[in-house]
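A closer look at the structure
The primary structure of each chain is shown beneath.
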Amino acid sequence: MHRSSYLAGKLGWAAFTILFVIVLNFFLFRILPGDPARAGIRDPRLTAQAQQAIRERFGLDQPVINCFESLNPLTLGNCAVNPLDTQFFIYASNLLRGELGISYHTNRPVLDILGERLWNTLLLIGAGQVLAIVLGMAVGVLAAWKAHTPVDYTALGFSLLAWSLPTFWLGIILLFWGSTYLGLPIGGKVTPGMVYANSWEQLADLARHLFLPSLTYTIVFLGEYMLIMRSTLVDVLSEDYILTAKAKGLTHFQILKDHALKNAMLPMVTIIALNLGFTVAGAVQIESVFSWPGLGGAIFEAVNRRDYPMLQGAFLLLAISVIVANLIADLLYGYLDPRVQAD
Amino acid sequence: MMTEVTPHAHKQPLLEVKRLSVDYVDPSQPPAQALRDLTFTLHRGEALGVVGESGCGKSTLMLALMRLLPAAGRIVGGSVRLDDIELLALSEREMAALRWKRLAMIFQGAMNALNPVRTVGDQIAEAIRLHEDASDARALDRRVGELLDLVGIAASRRNQYPFQYSGGMRQRAMIAMALACSPDIVIADEPTTALDVMIQAQILQLLADLRRQLNLSILLVTHDLGIVAELCDRVLVMYGGALAEYAGVDAIYNAPAHPYTQELLKAFPDPTRPLQRLASIPGSPPRLNDLPPGCRFAPRCPQVFDRCHLTPPRVYAITSDHLASCFLVETQQTRGARHE
Amino acid sequence: METTAAGYRGVWARLRRNPMGMIGLIMLVVAIGVAVLAPWISPYDPHAVTRVNILDIYQPPSPAHWFGTDDAGRDVLSNFLYGARVSLTVGFFASFISVTVGGLIGISAGFLGGRTEGILMRFTDIMLVIPDLPLAVVIVALTKPSLTNIILVIGLLGWTGTARLVRAQTLSVKQRKFVVRARAIGAGNSYIIRRHIFPLVLPLIVVNTVLVISLAILNESTLSFLGLGDPATLSWGQMLNYAFTRGAMSAGAWWALVVPGFGIVWVVLSCTLLGQGLEQALNPRLTTHHLAADRTLKNLPRWELEPTPVEQAGNV
């Protein structure tokens, strides 16, 4: 397959999926009770002017979409209206301008809040995910190489147990232990009110806050990556070309390094991408437990505060992040697999 | 019945295999006797064909010689000597150093025998780097080019991946890789299965040419007697993990002594008599973990008699280089002796 | 056909020899037993109306309360035993929905092929990419958090994996001779699916169901922990939510945090182990590889060879 057509196909698919998510995000909130726009004009936390501004911004006087005045309660309407005047179109064009609405709780634009939080989530996921992937693959390689020995069984047992731990519960237990016995902070990203003498101190404070959440992350995902790596590598090591490599006189180490790992990496990349949904689920739980100011925590807070614009925005951003990460994984696959890059 | 091997007969053989026996262990069953007391020799420049139905232990033999048996395989006895080195007594590290340098292998089905994510040239160069001084990158590159050239692949295709090669080219590349370190012996395990007839013929011709050019010793494993006739000097016919008949190629084709060899030849189309019906041997090979007490071939043998069911026959010598494991040989010999 | 009664007996025989699978099965049976027997084995009735006494809150474990008390002074052990009912109910019903939807989509896509397959699998791919938990949170938050809603949401979001697996299996079964033959003699689609496809896809569905149950239970506990549980019930996730948000941390009441989590881990682990065991029992395959093989010389005798039979024969 040519690389350019592979690329174009993946990009097109990602764009289509994002479009689907945008449509879903609009209708979900219109069909289920709790439309953020309409809830907003009744929310006592907003002033009369703010409510009027929402009414205009979201075109609440307009039909939801052609033929439907409203979806909840279901009211049929005129099919001949100009599509540009429907709520759906106004929503879409708002979105294009980065307009995600105003948070009820903070009265700030949702996009601004989420923009700050996206980086915190990336920091947390990045730290935990890199550790989990590196450690998980290392242990997985060891377990596969020593398949059906005590080393393998120990790793397998640990992984199955780690897989069965609810992420939030592991977080709670580690938080309880860390804050009681290690004097680690009980949450957040920085110590409130702390004045830093220099940026090293600031970094150290961040590291202290990041330690427990990323440890939780690592433990939960370590087992999973280890299991995947192990089974993938056992398959690869059963292939004929490994026997060829052995016949050539390569040592086990050389075979693993030069012949097995790259082949095992291909399915690994795909599976890591398929697991991104779990990664995000993990972020929601960990950020909720550790009050980490990220996107996942935003969902938790938005639910508890009935802050619908925040909920809608955070979900949209999370979903798009996963789609983009998936796309990156696909592109990485195209880079790793010579069968794709041949032109 | 003289074959061209006879001049070597008194020299020390390059490879000498004595009473090699391999079991496959399975905790829930008695071990499968995949190879029993196999004895043969291979001289420098000689091509030996190893023939038998699938499951007769051919592939096990190849893997045992390279000490590459799968986890369940156990070499339970015997000796494999390469010149004066006892291969079965080497440490794993010593054995690894010797693999490919002296004993190289062409695997069956080259599709999976080459690593799909590395270029062909790189995989050939790897073998050289491993066993020879390859500090001169340009010399190494030249050598890879020469090797590909030798097997009829344009040197410019060295940077391509196996999937960009046709089936026949992959097999050629595999042969080039096997020759990379100028080994003494090349073991070819069904090198032409999965290839179409034209390509088969090309590959066989290539092997024959290379053998003459490089004075290679070849151990050719196949179920196809036609290939053996084209390429080999001597033939080892195996049945149920043991030697059935071992002789020069003329003797095997013109005066087969073992009923199994005779049946195999009937199953093999004779180009001079194109309308002859192809025979197939009724029954199936023995289960290796439940062998008959007598001759392994007895249940399928058309010339079977009582004694065959009681004890396994020894290996009898018809001439100094024609061996067969069958009571018929003994009977004929004693009868012949009586006549004299 | 492979799925005869004898075939299933073979699977059971292999499962019985599989330590992982048996441990999982026993753990699951224990959990179901606890859920069923909760009213008889609980020391207290969690539904009883009692007045909260400030002194009863977060009492450490004692003979009266083996696992201490929670934020409302209730017995943690009793809540824990009753909580098994909620988790297992959600697990079983939600996974039933997931597996039914996923199975139908997978079999239709695999069997019908063509356009239907294209559309169904594209839809599956999209649903696979959209992160389930945030979507579940959004939907449950917008509707009323009730047990039925939770079951529906978890069930209707958790079918993608099943659909992909079942489709792949259907595709391979479809190629089998007896299916091709049945089609050739003009058997109807629904007949072929019922008689030929379904029986061969079923074992895979069973293994998958066990794993889907564990995912559903994890999802239920997460939703409940995030404050989206049914207020009328008390699941393990809700116990953790109450303990975590109502000061168990600062009170040092580890029992209120550890015990419910232990329940979740127990059930999820049991399903995971059982699923692994079932899978190995259904697809017994050689899991050794080329690098696990360097033990071939273990039993090698010394090189003292008797004279070979060839030499003896040569003297005849």
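Residues numbered from 1 in each chain as written. Chains lettered and ligands numbered in written order. Predicted model: local features only at pLDDT ≥ 70, side-chain atom pairs only at ≥ 80, totals over all residues. Heavy atoms only, no water.

Given 3.6 residues per helical turn, the α-helix brings residues three or four places apart onto the same face. All names here are of chain A. Within helix α9 (residues 240-247), seven of the eight residues are buried, leaving the element largely enclosed by the surrounding structure. Every buried residue belonging to α9 is among Tyr241, Ile242, Leu243, Thr244, Ala245, Lys246 and Ala247, and all of these are buried. Of the residues trailing α9, Gly249 is marked for its positive phi of about 100 degrees. (Buried < 20%, exposed > 50% of the residue type's maximum accessible area, 1.4 Å probe, protein only. Helix = DSSP H or I, 4+ residues; strand = E, 2+ residues; numbered from the N terminus.)

Counting residues at the interface gives 24 residues for chain B, matched by 18 residues for chain A. Roughly 2000 Å² of surface becomes buried between chain B and chain A when both sides are summed, with 62% attributable to carbon and sulfur atoms. At the surface where chain B touches chain A, the tally comes to one salt bridge. The tally of links between chain B and chain A comes to 10 residue pairs in polar contact (both at pLDDT 80 or more). (Contact = heavy atoms within 4.5 Å. Buried area = accessible area lost by both parts, 1.4 Å probe. Salt bridge = Lys/Arg side-chain N within 4 Å of Asp/Glu carboxyl O. Polar contact = N/O pair within 3.5 Å; in protein donor to acceptor, adjacent residues only side chain to side chain.)

Turning our attention to the sheet that holds strand β5 (residues 85-86) of chain B. All names here are of chain B. If you walk across this open sheet you meet the four strands as β2-β1-β4-β5, and the pairing is antiparallel. Edge positions in the sheet fall to β2 (29-42) and β5, since each of these pairs with one other strand and no more. Most of the contacts of helix α1 (residues 58-65) go to strand β1 (residues 15-26), to which it runs at about 110 degrees, and overall it touches β1, β2 and β4 (73-82). (Pairing = 2+ DSSP bridges. Axes fitted to C-alpha atoms, helices over the stretch in contact; angles between N-to-C directions.)

To continue, consider the pairing of strand β8 (residues 217-222) of chain B. Residues and elements named next belong to chain B. Of all the six residues making up β8, six are buried; the element is thus mostly covered by neighbouring parts of the structure. Residues Ser217, Leu219 and Val221 line one face of β8 and the alternating positions Ile218, Leu220 and Thr222 line the opposite face, and both faces are buried. Where strand β3 (residues 47-51) meets β8, five bridges bridge the pair, whose relative direction is parallel. Bridge pairing in β8 links Val51 to Thr222. Crossover strand β7 (residues 185-189) to β8 through helix α7 (residues 197-214) is right-handed. (Right-handed = clockwise from strand over helix to strand, strands pointing away.)

With that out of the way, let us pick up the confidence of the model for chain C. Residues and elements named next belong to chain C. Put simply, chain C has an average pLDDT of 81, and 87% of its residues get 70 or more. Low confidence marks residues 298-316, where pLDDT is under 50. Its contacts with residues over four positions away, or in another chain, come to 34 contacts. In the predicted complex, the global pTM is 0.82; the interface-specific ipTM is 0.86. (pLDDT = per-residue confidence, 0-100.)

Moving on to the interface of chain C and chain A. A common way to report how large an interface is uses the accessible area buried once the components associate. Tallying the contact residues gives 53 residues for chain C and 60 residues for chain A. Interface area for chain C against chain A, summed over the two sides, is near 4900 Å², with a carbon-plus-sulfur share of 80%. Its largest share of buried area at the contact with chain A, chain C owes to Leu142, His290 and Leu291 of chain C, together 16% of the area lost on that side. Where chain C packs against chain A, one counts zero salt bridges.

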